[in-house]
Amino acid sequence: MGNTQQAQGVHDSFQLMTDKTREINLARSLNYRQYCRHVEGKQEDSCLTEIPANLLSTLSLTERMNISFNMIPELPSTLPLCCPHLVYLDISHNQLQNLPDDIGHILHLETLLVKYNQLRRLPYSLFHLTRLLKLDLSHNSLKTISSEVIHLESLEKLNVSKNRLTALPSSLGGVKTLKVLLASENRFCEPLQKICEYGSDELLAHLRKNFNLSGQCQMSGSAGGNMFPRVRGNHLHSSVPNPQSAQVQYIQAQTHTANTSSRIKSPLLPPRGASDLEAFMLRDRILGLLFGAAIGDAMGLATCCMTSDECRFHYGGENITYDEILQDELRVRWKQGDWTSNFDMMVLLLESVLGWAGVLDELEFARRLRAWCLHGHPELGDKAGLVLSETVKQVVEHPEFLKNPHIAATSIMTKSNIHVYAVEHNSLGNENGDDDDENPSECSEDSDSESYCENQTTGPLFPSSHPCIPSKLFGTDNGELVQIAILGVPYFHDVEEVEANTARICKTTHGRPVCVAASVLVTNLVAQMLQGRSDLTCHKSVEEMVSRAVTIATKHIPDSCQQEEFNRYVNHTSLSSVNFREQFNMSYSLKAMSAGLIALKSQQSFKSFMMSLFMEGGDSNSNGCVAGALLGCRLGYSRLPPDWLKGLRKPETDWLNVKINHFLDMIGLP
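Residues numbered from 1 in each chain as written. Predicted model: local features only at pLDDT ≥ 70, side-chain atom pairs only at ≥ 80, totals over all residues. Heavy atoms only, no water.

Participant: Would you take a moment to explain the packing of helix α11 (residues 341–355) against helix α12 (residues 362–375) for this structure?
Facilitator: Here α11 crosses α12 at 140°, and the two axes come no closer than 10 Å. Taken together, the axis directions place α11 and α12 in an arrangement best described as oblique. Pair α11 / α12 crosses with right-handed handedness. Side by side, α11 and α12 meet where S341, D344, M345, L348, L349, E351 and S352 of the first sit next to E364, F365, R368, L369 and W372 of the second. Considering only residue class, the contact of α11 with α12 consists of 6 nonpolar, 2 polar and 4 charged. (Axes fitted to C-alpha atoms, helices over the stretch in contact; angles between N-to-C directions. Helix = DSSP H or I, 4+ residues; strand = E, 2+ residues; numbered from the N terminus. Parallel < 35°, antiparallel > 145°, perpendicular 65-115°, else oblique. Left-handed = near helix turned anticlockwise from the far one by under 90°. Contact = heavy atoms within 4.5 Å. Nonpolar A, V, L, I, M, F, W, Y, C, P; charged D, E, K, R; others polar.)

Participant: Would you mind going over the side chain of T303 with me for this structure?
Facilitator: Of note, T303 is situated in the loop between α9 (279–300) and α10 (308–314). You can call T303 buried: its relative accessible area is 0%. Within the structure, T303 has its side chain in polar contact with the backbone oxygen of F614 (distance 2.6 Å). Residues in contact with T303, not counting those within four places in the same chain, are C311, Y315, I320, R331, F614, G617, G618 and S620. (Buried < 20%, exposed > 50% of the residue type's maximum accessible area, 1.4 Å probe, protein only. Polar contact = N/O pair within 3.5 Å; in protein donor to acceptor, adjacent residues only side chain to side chain.)

Participant: Mind showing me how you'd approach the sheet that holds strand β5 (residues 134–136) here?
Facilitator: Through backbone hydrogen bonds, the strands of a sheet pair up, either in parallel or in antiparallel fashion. A sheet is described by the order of its strands in space; here 7 strands give the open sequence β1-β2-β3-β4-β5-β6-β7, paired in parallel fashion. Each of the sheet's edge strands pairs with one partner strand only, and the pair in question is β1 (23–25) and β7 (180–182). This sheet shows a mean twist of 5° between the axes of neighbouring strands, independent of strand direction. Here 3 bridges tie strand β3 (residues 88–90) to strand β4 (residues 111–113), and the two strands are oriented parallel to one another. From the neighbouring strand, D90 faces β4, where its bridge partner is L113. (Pairing = 2+ DSSP bridges.)

Participant: Help me out: how do you make sense of the pattern of salt bridges in this one?
Facilitator: Two side chains with opposite charge may pair up if their charged atoms get near one another. Evaluated as defined, the whole model comprises 25 salt bridges. Across the pair R581 and E616 runs a salt bridge, and its minimum N-O distance is 3.5 Å. Of this pair, R581 sits in the loop between α20 (560–570) and α21 (589–601) while E616 sits in the loop between α22 (606–614) and α23 (620–635); the two residues are 35 residues apart in sequence, bridging distant segments of the chain. Of the residues examined, R581 reaches a relative accessible area of 34% and is grouped as partly exposed. Ionic contacts of the salt-bridge type, sharing partners, join the residues E351, E364, R368 and K659 into one network. (Salt bridge = Lys/Arg side-chain N within 4 Å of Asp/Glu carboxyl O.)

Participant: Hey, could you run me through helix α17 (residues 495–506) in this one?
Facilitator: Residues spaced three or four apart along an α-helix point in a common direction, a consequence of the helix completing one turn every 3.6 residues. For α17, spanning 12 residues, the distance from its first C-alpha to its last is 16 Å, which sits close to the expected 16 Å at 1.5 Å a residue. Taken together, the buried positions of α17 are occupied by V498, E499, N501, T502, A503, I505 and C506. On the buried face of α17, the contacting elements are α11, α12, α16 (481–484), α18 (513–531) and α19 (539–553). (Expected span 1.5 Å × (residues − 1).)

Participant: Whenever I open this one, the environment of P271 confuses me. Can you help?
Facilitator: In this fold, P271 is placed in the loop between α8 (260–265) and α9. Residues P271 and Y491, spaced 220 residues apart in sequence, show a C-alpha to C-alpha distance of 9.8 Å.

Participant: I'm lost on the packing of aromatic side chains in this one. Help?
Facilitator: Geometrically, a pair of aromatic rings is defined through the distance of the ring centres and the angle of the planes. This model, assessed by the stated rule, comprises 7 aromatic pairs. Between Y569 and Y588 the ring centres are 5.5 Å apart and the planes differ by 85°, which places this aromatic pair in the edge-to-face class. Separated by 19 residues along the polypeptide, Y569 in helix α20 and Y588 in the loop between α20 and α21 bring together distant segments of the chain. Note on Y569: relative accessible area 4%, which makes it buried. Ring centres of F614 and W644 lie 6.0 Å apart, and the angle between their planes is 40°; on these two criteria the pair is classed as tilted. Residue F614 is located in helix α22, and its partner W644 is located in helix α24 (residues 642–646); the two are separated by 30 residues in the primary sequence. Residue F614 is classed as buried on the basis of its relative accessible area, which comes to 0%. Chaining the aromatic ring pairs together yields one cluster made of F228, F291 and Y637. One Lys or Arg, K134, reaches over the ring of F313 and ends 5.4 Å from the middle of that ring. (Phe/Tyr/Trp six-rings, centres within 6.5 Å; stacked < 30°, edge-to-face > 60°. Lys NZ or Arg CZ within 6 Å of the ring centre and 35° of its normal.)

Participant: Quick question: what am I supposed to make of a positive patch on the surface here?
Facilitator: Where like charges cluster on the molecular surface, the positive patch consists of R120, K143, R164 and R187. Topologically, R164 is positioned in the loop between β6 (157–159) and β7. (Patch = residues over 30% accessible without salt bridge, like charges linked within 9 Å, V, L, I, M, F, W, Y side chains within 5 Å. Areas by Shrake-Rupley, 256 points an atom, 1.4 Å probe, with all protein chains shown as cover. Lys, Arg positive; Asp, Glu negative; His and termini not counted. Charge placed at Lys NZ, Arg CZ, Asp CG, Glu CD.)

Participant: Before we go on, may I ask you to explain the confidence of the model for the protein in this structure?
Facilitator: Model confidence for the protein is summarised by a mean pLDDT of 84, while 82% of its residues fall at 70 or above. Contacts from residues 1–20, a stretch scored under 50 in pLDDT, to residues over four places away or in other chains number 39 contacts. Note on residues 416–459: pLDDT is under 50 here. Beyond four places in sequence and across chains, it has 99 contacts. (pLDDT = per-residue confidence, 0-100.)

Written as structure tokens, this is what we have:
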């Protein structure tokens, strides 16, 4: 009974079943420190050690149950009888040594997640679950898998990685529906060990050799329409009766741009004829850029640093929802629907534009960037910024950064000892658990992060547990590119001003020519799209637009070999050709640039293209941020996927909407 009271008093996510949802959630919601402690086996007071007994009698109609991240050593033997209608069961991250012998009586079960437990054997009845589609048994202590696995006639995804298996049953090749099989880091002998290294497809082909079977997988997607909650400021008033009247007022304001009063109210108001787009279309594209980048970053986190097989195992190819994003050492640092530092840094640039009435100054941005590194966005409850770019980390720590960021960045780039950061898949933190620092954005009451941040003038600015996604050559990661697209909006009618602003801000942290060129390319494309003189539905017109941007960008690369490298990434025509998962080079700036260019040229919907990009893995949230900005600008806010848009965290979007409304006021848009 004490455990029942504990569940009711501790779990924020505890939800009793309703007739409408038929779901029950007893999972713990963890921050980074709590996750590390849990993986180390340290029990918290909030952990359940059993399913509350008084609930079992109320679960007869339950269809979905999540009891992950607790310390439950065994499931009640009556669970199959109490929950005969279960379709989804997540019992990951517990201390289970066995599953109930009658688990096969849950006849409707389609998803069973038992990763990170202590299973040594599987009950025979498990193989009677003929409707089971997904089974995750990874991170356990299994030594064998029964040949009865062939009776899982609907199984599509199986993960038995990181167990103690010495062999796989050949009968697995007889599971005709199996599409993804993960079995790495076991104790196989050759040749099976080598075949596992080649991935799921090779492994399945090997197992099916005697069965003469094959499997296929398809992907698709869709998009929808939205309306931005516009709150007009001092230029156009809410009393404007209709879009036509607002358009007329916008044109009248442009006609009088020399008027001092008008210029003070809307310092970024473009001159008349600056764009061929109507005011509402121009606004739609600007909003599409911002929210496309936010969605690309937040949703891209789902597959960040994953292999292709891992992407296919954990997610379907058609859609991902925020609540489906895997919680592990990397992803647990952010709350559901939150974007990462990529979009945070774009917001910093937006704030810089707002704070200085449209003027872009690298010293002001440097101060703003360092303040964010120290404290994050305090109004959102942050304690510090979680920086993913190793270049940004080192440049911000340079003693000259606040005085002359360009010199600081150049000094860092010219270091003789260039350090290459190697990261294996998603193990981006301190695997040994030596560093006890938690997610700076989600500090608990006992955290020392605040005092840590206040004393950074004499020591390293960033904890060693901060994740870092690698790029072979130091200073060429995408830390500058993920933030830069917003600079294509102010002065979009003057491409030379856009170019100068972009180069100046880029060199604040990333001084290498390829980074500057990639940044100039992205912002020039944004400016051209806002000018509205290219038909974005015509492939030839888009290619011409890209060609103009490339001509301007390559001026920033004096070295011919680097120009060839740049052009090679410009000319990629498919996602598969880019090699986003290249080991130790996932965050290379030109890879993110290629993702954006391919997105821009694609005729797919936002969701369809972005899902294809996410399923490539690699530095997917950074690639998604750049591609989402360009594709969102092209398609507009109204055509972004409504579910992905609404799934963004509400406190963050409410906070962002205030800034965007101010920004639109500065441009004079309705």
